[in-house]
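Take a look at the letters that make up each chain.
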Amino acid sequence: MKKILILLFVLVNFIYAKQEARLNDYLKFIKVVNIIEKYYVEPLSTNQIVEKLLKGGIAELDAHSSFLDKKGYKELKVTTNGEFGGLGIVVGMKKGVLTIISPIDDTPAFRAGVKANDIILKINNKATIDMTLDEAVNLMRGKPGTKITLTLVRDGKPVVVHITRAIIKVKSVKSYDFKDYPTIKYIRISSFDKNVVSSLKDIMSNLKGKKGLIIDLRNNPGGLLTQALGTLDMFIDDGKLLSEKGRSARENQTWYAHSSGTYSKIPIVILVNGGSASASEIVSGAMQDHKRAIIVGEKTFGKGSVQAIIPINADEAVRLTIARYYLPSGRTIQAVGVTPDIKVVPAKVTPIKNLGIDIKESELKAHLKAELQKINKKRIVKNIKEKYKKIDGDNQLQTAVDILKALIIEKEK
């Protein structure tokens, strides 16, 4: 009995100490708000101070978590409808720097020559240093037809692009035949929107004697998890597709393949690069783990975390990272990416001239200089809009064709 009482005493003291520590943290936050309200050089309301502290504090957790104020939450809802006024780029924070994950096919940014891994240095005349991801996105969005100027950094040199905003409507899946390689079907998936699986099913049901597939996920920034899983389920007939693990047990999930309706025999080569992120990494990584496809190209972006939008009230919310994705082998994508089976860089190189942009030292963080030197050189691949897909010096695509030809010959032996 005495031992039980001692244990209860220890437990009560532990709980009290924990609650006291939490209370001290709350009091500290209130004190900071009061100090700012009283002494800050510009007058701010309590609400303004709290919002700023929340935005800065949550952004410190990771590159994808953020506080959504009334305006940000409203714009997020607009974006998820699939049609919005913007540039056609997916951006993220990479080592603290605002970076383009990838331009979306056939959008204003794509046509202006924006490239994956370009650093956004200025939006119009505003430097992006210390700017949050949400603030940058809000600046870039706007009414269709309005113009915006981005100052980018590519290969250590400034590049200025002028873009006219437009309603972003993307046809996410396109397919082509090769005139010189009639047994190979080329499928381009530019993003994983709600139409990907249905579009793929239409293509796969009408292959007409095709003996091999090239699935191009280069510069695919991701999209809906359901579409990525549905894509995998079309080509993998058994086993684990993906796992999700978080702090909460309810976030732990595993998805498995189904044998029905699966094209499990046709040889596949998947093309990826540094602009392939999130859902495209799930697809390429799982296909690699199952040895269902050969992955060709460059290492992918490395975005393998799960975000949830958690409302605070009717007008505000928190976007919070709640879990990580794990491929069938158990490996993570987050900050690692998918390494291709065969590394191939594009063959075409377009020289970039130094445009002589005046970038003030005060606009750059110290770590930015070092970061610029680490950027891998990206080449420009010609966009073809014809009945037949042309290779036109695309070394990655040519390699994929050569691999498929060998696989088809081997299969037919």
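Before going into details, it helps to say that this report is about the structure given with it. Just so it is clear, the model here is predicted, and its values are computed rather than measured.

A cluster of nonpolar side chains, contributed by L23, Y26, L27, F29 and I30, occupies part of the molecular surface with about 490 Å² of accessible area. In this fold, L27 is placed in helix α1 (residues 2-39).

Summed over all chains, the structure comprises 10 salt bridges. Note that D177 and K210 form a salt bridge whose closest N and O atoms lie 3.2 Å from each other. Of the two residues, D177 is situated in strand β10 (residues 173-177) and K210 in the loop between α6 (196-204) and β12 (212-216); the sequence distance between them amounts to 33 residues. A relative accessible area of 24% places D177 in the partly exposed class. For K210, a relative accessible area of 15% corresponds to the buried category. One salt bridge connects R218 with D216, and the closest N-O pair in it is separated by 2.9 Å. In terms of burial, R218 and D216 fall into one category: buried. Through salt bridges with shared partners, a single network forms among D105, R188, D216, R218 and D394.

The biggest cluster of nonpolar side chains holds 38 residues, and the ones touching the most others in it are I189, I268, I270 and M287. Among the elements of the structure, β11 (184-189), α6, β12, α7 (225-235), β13 (240-246), β15 (268-272), α8 (279-289) and β18 (317-326) are those that each provide at least two residues to this core. Beyond its immediate sequence surroundings of up to four residues, M287 is in contact with L232, F235, I236, I268, I270, R292 and A293. Formed by 21 residues, the second largest nonpolar core is a distinct cluster that contains V114, I120, I123 and M140.

Looking now at the sheet that holds β11. In spatial order, the strands read β10-β11-β12-β15-β16-β19; together these 6 strands make up an open sheet with mixed pairing. The two strands at the open ends of the sheet, each matched to only one other strand, are β10 and β19 (342-343). As paired strands, β10 and β11 are joined by 5 bridges and run antiparallel to one another. In the sheet register, V173 faces β11, and the bridge partner there is I189. Set on the sheet, α8 makes contact with β15 and β16 (294-297); between it and β15 the angle comes to about 140 degrees.

So, about the environment of I403. For I403, the position within the fold is in helix α10 (residues 395-412). What makes I403 buried here is its relative accessible area of 14%. Taking the C-alpha atoms as reference, I403 lies 10.0 Å from I214; in sequence the two are 189 residues apart. With near-sequence residues (within four places) excluded, I403 lies in contact with V269, I294, V296 and I342.

Analysis parameters
Residues numbered from 1 in each chain as written. Predicted model: local features only at pLDDT ≥ 70, side-chain atom pairs only at ≥ 80, totals over all residues. Heavy atoms only, no water. Patch = residues over 30% accessible without salt bridge, like charges linked within 9 Å, V, L, I, M, F, W, Y side chains within 5 Å. Areas by Shrake-Rupley, 256 points an atom, 1.4 Å probe, with all protein chains shown as cover. Salt bridge = Lys/Arg side-chain N within 4 Å of Asp/Glu carboxyl O. Helix = DSSP H or I, 4+ residues; strand = E, 2+ residues; numbered from the N terminus. Buried < 20%, exposed > 50% of the residue type's maximum accessible area, 1.4 Å probe, protein only. Core = buried A, V, L, I, M, F, W, Y, C linked by side-chain atoms within 4.5 Å. Contact = heavy atoms within 4.5 Å. Pairing = 2+ DSSP bridges. Axes fitted to C-alpha atoms, helices over the stretch in contact; angles between N-to-C directions.

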